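Given next are the chains, with one letter for each unit.
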Amino acid sequence: MGKGKNKTNEDEPNKRSRGANGKPRGGHKRGFQEQRQTGVPTAKFPAKIAMWDFDHCDPKRCSGKKLERLGLIKNLRVGQKFQGVVVSPNGKGVVCPDDRELVETNGAAVVECSWARLEEIPFSKIGGKHERLLPYLVAANPVNYGRPWRLNCVEALAACFAIVGHVEWAEQLLENFSWGLTFLKINKELLEVYQKCTDHESVKKAEEEWLTQLEEEYKDRREHRGLEDLLEMGNTNRVAISDCESEEESEEESEKEVPGIVINGTFGNDEESDEYEELEDDLPPISDLMLK
Ligand SMILES: C[S@@+](CC[C@H](N)C(=O)[O-])C[C@H]1O[C@@H](n2cnc3c(N)ncnc32)[C@H](O)[C@@H]1O
């Protein structure tokens with residue numbers, strides 16, 4: 001092991017905070033004074049929260065970095081493992097209510113990186129004994145708004161806390177983000193379903209049932225719309241006159257219907273814009289995106 005490799009920044013108060021890859025932070029174009037902080041949580045939060053930060057994102061648009069600026073999250077280094085629940089794309093089981101004690105005692109951690117650069121993450125050198133995926137939930141953050149599975153760091157931590165029954169901890173984290181509580185709102189029903197489960201298998205089963213129901217409702221809605229369209233057409237003369245218009249309309253309509261929804265996909269699309277501020281003012285109503 002290299003000299004001082006596992007030293008925390010706390011041990012070296014005058015040194016600049018480093019990312020999980022050991023590189024000094026602050027190489028980003030924008031000035032970022034808050035990065036001089038130690039990476040050791042200073043604000044009061046009832047549970048330990050931590051992240052490996054690979055510095056892939058613009059600090060201004062990154063939820064993990066915002067938690068760091070708020071003094072809520074501890075930075076971990078590559079080579080450091082975490083004893084609590086690690087919410088990670090590398091997880092095997094899913095977060096479940098049986099994880100409650102583990103989360104209360106040892107906390108929860110995430111991997112702050114870009115979705116588009118997951119292959120760069122040395123998963124074998126981070127993580128811990130309790131790595132978990134999250135079950136189906138829909139993002140409310142402006143980057144991946146309405147997209148299932150692809151949550152950002154604060155949503156992932158909040159989801160973990162909510163599933164194990166600490167919704168108040170989830171709220172406490174999310175209320176630092178203008179869109180944050182929307183995450184709990186749009187996933188309320190489903191989170192309540194997961195909260196009633198026990199182990200990984202029961203959460204997986206609940207998730208599968210939810211997805212099946214979602215698919216059925218989606219099919220029903222499509223069929224129902226088809227019928228409505230037919231009825232709206234009325235007599236064939238009218239159809240002939242307005243043929244082009246209605247074709248154009250229906251294409252637009254069907255695009256609008258479920259943008260970004262992936263029913264059986266995992267982790268949404270490959271592109272990430274991280275455009276929080278720009279997108280935030282321009283969000284469509286969630287009812288346009290959600291099937292449930
Ligand atoms: C890929 S990073 C993207 C972070 C984003 N740039 C931000 O501003 O927070 C999101 C992290 O949250 C956790 N996460 C989000 N959705 C997840 C899911 N469905 N299953 C497991 N972990 C998930 C993982 O730790 C993942 O690495």
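Thresholds, definitions, all that
- Residues numbered from 1 in each chain as written.
- Predicted model: local features only at pLDDT ≥ 70, side-chain atom pairs only at ≥ 80, totals over all residues.
- Heavy atoms only, no water.
- Near = heavy atom within 4 Å.
- Polar contact = N/O pair within 3.5 Å; in protein donor to acceptor, adjacent residues only side chain to side chain.
- Areas by Shrake-Rupley, 256 points an atom, 1.4 Å probe, with all protein chains shown as cover.
- Salt bridge = Lys/Arg side-chain N within 4 Å of Asp/Glu carboxyl O.
- Helix = DSSP H or I, 4+ residues; strand = E, 2+ residues; numbered from the N terminus.
- Buried < 20%, exposed > 50% of the residue type's maximum accessible area, 1.4 Å probe, protein only.
- Phe/Tyr/Trp six-rings, centres within 6.5 Å; stacked < 30°, edge-to-face > 60°.
- Lys NZ or Arg CZ within 6 Å of the ring centre and 35° of its normal.
- pLDDT = per-residue confidence, 0-100.
- Contact = heavy atoms within 4.5 Å.
- Pairing = 2+ DSSP bridges.

Comments concerning the site of the ligand
Not every one of the 24 residues close to the ligand is listed here, only the nearest: Ser63, Val87, Val111, Trp149 and Cys153. In this structure, an oxygen atom belonging to the ligand sits 2.6 Å away from a side-chain N or O atom of Ser63. Separating a nitrogen atom of the ligand from a side-chain N or O atom of Glu112 is a distance of 3.2 Å. In isolation the ligand has 580 Å² of accessible area, and contact with the protein removes 99% of it.

Side note on the pattern of salt bridges
One side chain can pair with another of opposite charge once the charged atoms of both are near each other. Scanning the entire structure with this criterion turns up nine salt bridges. Lys65 serves as the salt-bridge partner of Asp55, at 2.7 Å between the closest nitrogen and oxygen. With Asp55 in the loop between strand S1 (49-53) and helix H1 (63-69) and Lys65 in helix H1, this pair connects stretches of sequence that are ten residues apart. The salt bridge partner of Arg117 is Glu120, with a shortest N-O separation of 3.0 Å. Judged by its relative accessible area of 31%, Arg117 is partly exposed. Exposure remark for Glu120: the relative accessible area of 43% places this residue in the partly exposed category.

What to know about the packing of aromatic side chains
This structure, assessed with the given rule, holds five aromatic pairs. Ring plane angle 45 degrees and centroid distance 5.2 Å describe the contact between Phe177 and Trp179, whose orientation is recorded as tilted. Both residues of the pair, Phe177 and Trp179, belong to the buried class. Its end group placed over the ring of Phe177, Lys66 keeps NZ or CZ at 4.9 Å from the ring centre.

What to know about the confidence of the model for the chain
Model confidence for the chain is summarised by a mean pLDDT of 77, while 66% of its residues fall at 70 or above. Note on residues 26-37: pLDDT is under 50 here. Beyond four places in sequence and across chains, it has 20 contacts.

Section: the sheet that holds strand S5 (residues 108-112)
The strand order S2-S1-S5-S3-S6-S4 describes an open sheet built from six strands, whose pairing is parallel. Bordering the open sheet on either side are strand S2 (74-76) and strand S4 (93-94), each of which pairs with just one other strand. As paired elements, S4 and strand S6 (residues 131-133) share two bridges and run parallel to each other. Among the inter-strand pairings, Gly93 is bridged to a residue of S6, identified as Arg132.

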